[in-house]
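Chain and residue survey
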Amino acid sequence: MAHDDRSAAADALAAAAWTALGEVLDPEIPVVSIVELGIVRDVACGRDECVVTLTPTYSGCPATRVIEAEVRAAVSNATDRAVRIETALAPAWSTDWIAPEGRRKLAAAGIAPPGEARTAASTVALREAIRCPHCGSLATEELARFGSTACKAQYRCRDCREPFDYFKAH
Amino acid sequence: MLEEDIASANVGLDLLGQARLWFAYASEIDGRSEDRFAYFRESHEFYNLLLVEQPNGNYADTLARQYLFDQWHVLLLAELATSRDTRIAGIAAKAQTEVRYHVERSSRWVVRLGDGTDVSHARMQAAIDALWTYTGEMFVVDAGERALIEAGVAADGESLRAPWLVAVRQVLAEATLVEPADSWMQAANGRGGRQGVHTEHLSRLLAEMQVLPRTHPDARW
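Residues numbered from 1 in each chain as written. Chains lettered and ligands numbered in written order. Predicted model: local features only at pLDDT ≥ 70, side-chain atom pairs only at ≥ 80, totals over all residues.

1. Thoughts on the sheet that holds strand β5 (residues 82-87) of chain A
All names here are of chain A.
- With mixed pairing, the three strands of this open sheet are ordered in space as β3-β4-β5. Here the strands that pair on one side only, and so sit at the sheet edges, are β3 (40-45) and β5. When the angles between neighbouring strand axes are averaged without regard to direction, this sheet yields 20 degrees.
- Sheet analysis places β3 next to strand β4 (residues 49-54), joined by five bridges and oriented antiparallel. Across the sheet, Cys-45 pairs through a bridge with Cys-50, a residue of β4.
- Relative to the sheet, helix α2 (residues 64-79) contacts β3, β4 and β5, its axis offset from that of β5 by approximately 140 degrees. (Pairing = 2+ DSSP bridges. Helix = DSSP H or I, 4+ residues; strand = E, 2+ residues; numbered from the N terminus. Axes fitted to C-alpha atoms, helices over the stretch in contact; angles between N-to-C directions. Contact = placed C-beta atoms within 7 Å.)

Structure follows, in structure tokens:
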């Protein structure tokens with residue numbers, strides 16, 4: 001019985017932590033939460049602390065430290081527990097983990113959401129057509145392989161002529 | 001040019017991030033901190049490939065250096081991703097997805113400049129010619145590494161030579177470039193960066209990278 005109470009309390013704390021994490025936004029794409037981006041891998045709360053397991057998007061992403069600080073603040077606020085952050089590299093983060101709601105929000109913010117990530121090593125320059133987040137046209141072209149952040153490339157729509165960011169499939 | 005400036009910075013950020021993951025693991029084993037590895041070693045204590053310390057030069061030099069390295073790096077990481085050491089395998093699998101993108105970009109630039117104007121073609125050919133000699137040591141395995149390879153921990157550099165050559169020849173052909181003749185560094189006993197013996201360029205790079213923490217050892221950032 002006591003054990004059930006404890007685990008029920010732990011579950012409630014973890015649920016509170018998840019809710020709080022759902023409000024931590026990516027500092028470089030402040031329209032999607034880190035939960036929607038798929039970088040929160042696990043939350044486990046005990047009597048003294050909550051352990052949040054994060055996985056980095058890109059190894060060199062400068063937002064990583066900011067995200068960790070915000071996670072610490074949000075979870076400690078919601079659970080009143082000390083917060084420890086663990087980093088899980090494997091399995092490696094993929095844009096396939098971005099939730100449907102996150103994809104919708106990216107598109108609404110003018111960032112074309114990623115297509116399906118390729119798994120096999122390949123240098124073949126075959127890419128699926130990227131839909132323009134402004135007018136919906138598939139007549140788009142890549143301007144540059146890298147965009148405003150490590151996770152994006154620059155595209156241009158040949159119909160509405162607007163440039164836009166594409167969240168690279170990764 | 002702005003786009004390529006951003007691309008170079010982003011590739012650099014990926015590689016810095018990956019270096020931190022490797023150094024963090026090394027410091028768990030060795031006891032020295034990440035910063036000690038980066039800022040307080042002398043050039044002869046660095047074991048990087050000579051290729052990657054060569055000067056930026058013109059843009060063909062920069063991209064040729066990047067491509068020859070990326071093509072090796074992507075093959076190396078694919079091997080390390082199957083290491084028996086799960087930390088190594090995890091870091092390699094993570095880095096692999098980034099480096100696949102790097103090699104796509106740099107190989108396209110070798111083709112664009114090689115199969116471009118007379119001037120860009122001549123510069124890319126000169127860049128490949130000048131850097132070719134430094135690619136030999138990518139595939140040299142020493143006794144210490146051999147033991148790790150046999151234990152299923154490290155990747156066998158020698159086994160990367162054939163797939164690297166196949167890929168590089170394909171890109172050079174598409175770029176209308178000529179494969180340079182091998183020189184002394186392609187010899188099986190070619191010694192260089194992997195033994196801590198460097199070109200003069202590494203010291204200059206390190207001077208710039210290390211000056212702040214060496215001048216202000218307690219600086220925090």
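2. Brief notes about the pairing of strand β9 (residues 163-167) of chain A
Residue and element names in this part refer to chain A.
- Within β9, four of the five residues are buried, which leaves it mostly tucked inside the rest of the structure.
- Relative to β9, strand β6 (residues 111-112) is paired through two bridges, and the arrangement is parallel. Within β9, the residue paired with Ile-111 across the bridge is Asp-165.
- Hairpin connection of strand β8 (residues 152-157) to β9: five residues between the antiparallel strands, including Arg-161 at a positive phi of 70 degrees. (Buried ≥ 20, exposed ≤ 12 C-beta atoms within 10 Å, placed from the backbone.)

3. Examining the sheet that holds β9 of chain A
Residue and element names in this part refer to chain A.
- Reading across the sheet, the four strands line up as β6-β9-β8-β7 and stay open at both edges, with mixed pairing between neighbours. Strands with a single pairing partner mark the edges of an open sheet, and in this sheet they are β6 and β7 (140-144).
- Judged from the four bridges that link them, β7 and β8 form a sheet pairing that is antiparallel. Paired with Ala-144 across the two strands is Gln-154, which belongs to β8.

4. Re the environment of Phe-37 of chain B
- Here Phe-37 of chain B lies in helix α2 (residues 34-39).
- Contacts of Phe-37 of chain B, omitting those with residues within four sequence positions, involve Phe-23, Ala-26, Ser-27 and Arg-32 of chain B.

5. A look at unusual backbone geometry
Residue and element names in this part refer to chain A.
- Between Ala-90 and the following residue, Pro-91, the backbone shows a cis peptide bond with an omega angle of -5 degrees.
- Its place among the elements puts Pro-91 in the loop between β5 and α3 (100-108).
- In this model, Asp-80 sits at a positive phi of 60 degrees, which is unusual for a non-glycine residue.
- With respect to the element layout, Asp-80 can be found in the loop between α2 and β5.
- Classification of Asp-80 by C-beta neighbours within 10 Å gives exposed; the count is 10.
- Phi at Arg-161 takes a positive value of approximately 70 degrees, unusual for a residue other than glycine.
- Inspection of the secondary structure puts Arg-161 in the loop between β8 and β9.
- With 10 C-beta atoms counted inside 10 Å, the residue Arg-161 sits in the exposed group.

6. What about the domain arrangement of chain A?
All names here are of chain A.
- Domains assigned within chain A are domain 1 (2-87) and domain 2 (99-167).
- The centre of domain 1, based on its C-alpha atoms, is set 29 Å off from the matching centre of domain 2.
- The partner domain 2 presents 10 residues to the 11 residues of domain 1 that form the contact.
- A per-class count over the side of domain 1 that touches domain 2 returns six nonpolar, three polar and two charged. (Domains from an automatic or database assignment. Nonpolar A, V, L, I, M, F, W, Y, C, P; charged D, E, K, R; others polar.)

7. Here's the deal with the packing of helix α1 (residues 2-30) of chain B against helix α4 (residues 86-114) of chain B
All names here are of chain B.
- At a minimum axis separation of 11 Å, α1 and α4 run at an interaxial angle of 165 degrees. Our classification of the angle between α1 and α4 gives roughly antiparallel. The two elements α1 and α4 cross, and the hand of that crossing is left-handed. Every residue of α4 that contacts α1 at Ala-7, Val-11, Asp-14, Gln-18, Leu-21, Trp-22 and Tyr-25 is listed here: Arg-87, Ile-91, Ala-95, Glu-98, His-102 and Arg-105.
- Per-class residue counts for the contact of α1 with α4 are seven nonpolar, two polar and four charged. (Parallel < 35°, antiparallel > 145°, perpendicular 65-115°, else oblique. Left-handed = near helix turned anticlockwise from the far one by under 90°.)

8. Remarks on the interface of chain A and chain B
- Counting from both sides, the interface comprises 18 residues of chain A and, opposite them, 25 residues of chain B.
- Each residue belonging to the side of chain A that touches chain B can be placed in one class, and the counts come to 12 nonpolar, five polar and one charged.

9. Re helix α5 (residues 118-132) of chain B
All names here are of chain B.
- Spanning 15 residues, α5 covers 21 Å between terminal C-alpha atoms, matching the ideal 21 Å at 1.5 Å per step.
- Taken together, the buried positions of α5 are Arg-123, Met-124, Gln-125, Ala-127, Ile-128, Leu-131 and Trp-132.
- Its buried side turned inward, α5 meets α3 (59-80) and α4. (Expected span 1.5 Å × (residues − 1).)

10. Re the packing of α3 of chain B against helix α7 (residues 161-174) of chain B
Residue and element names in this part refer to chain B.
- Viewed as axis vectors pointing N to C, α3 and α7 meet at an angle of 140 degrees, and their least axial separation amounts to 10 Å. One way to sum up the angle between α3 and α7 is to call them oblique. You can see that α3 and α7 cross each other, and the crossing is right-handed. Counted together, Gln-71, Trp-72 and Leu-75 of α3 and Pro-163, Trp-164, Ala-167 and Val-168 of α7 form the full contact between these two elements.
- Taken together, the residues that form the contact of α3 with α7 break down as six nonpolar, one polar and no charged.

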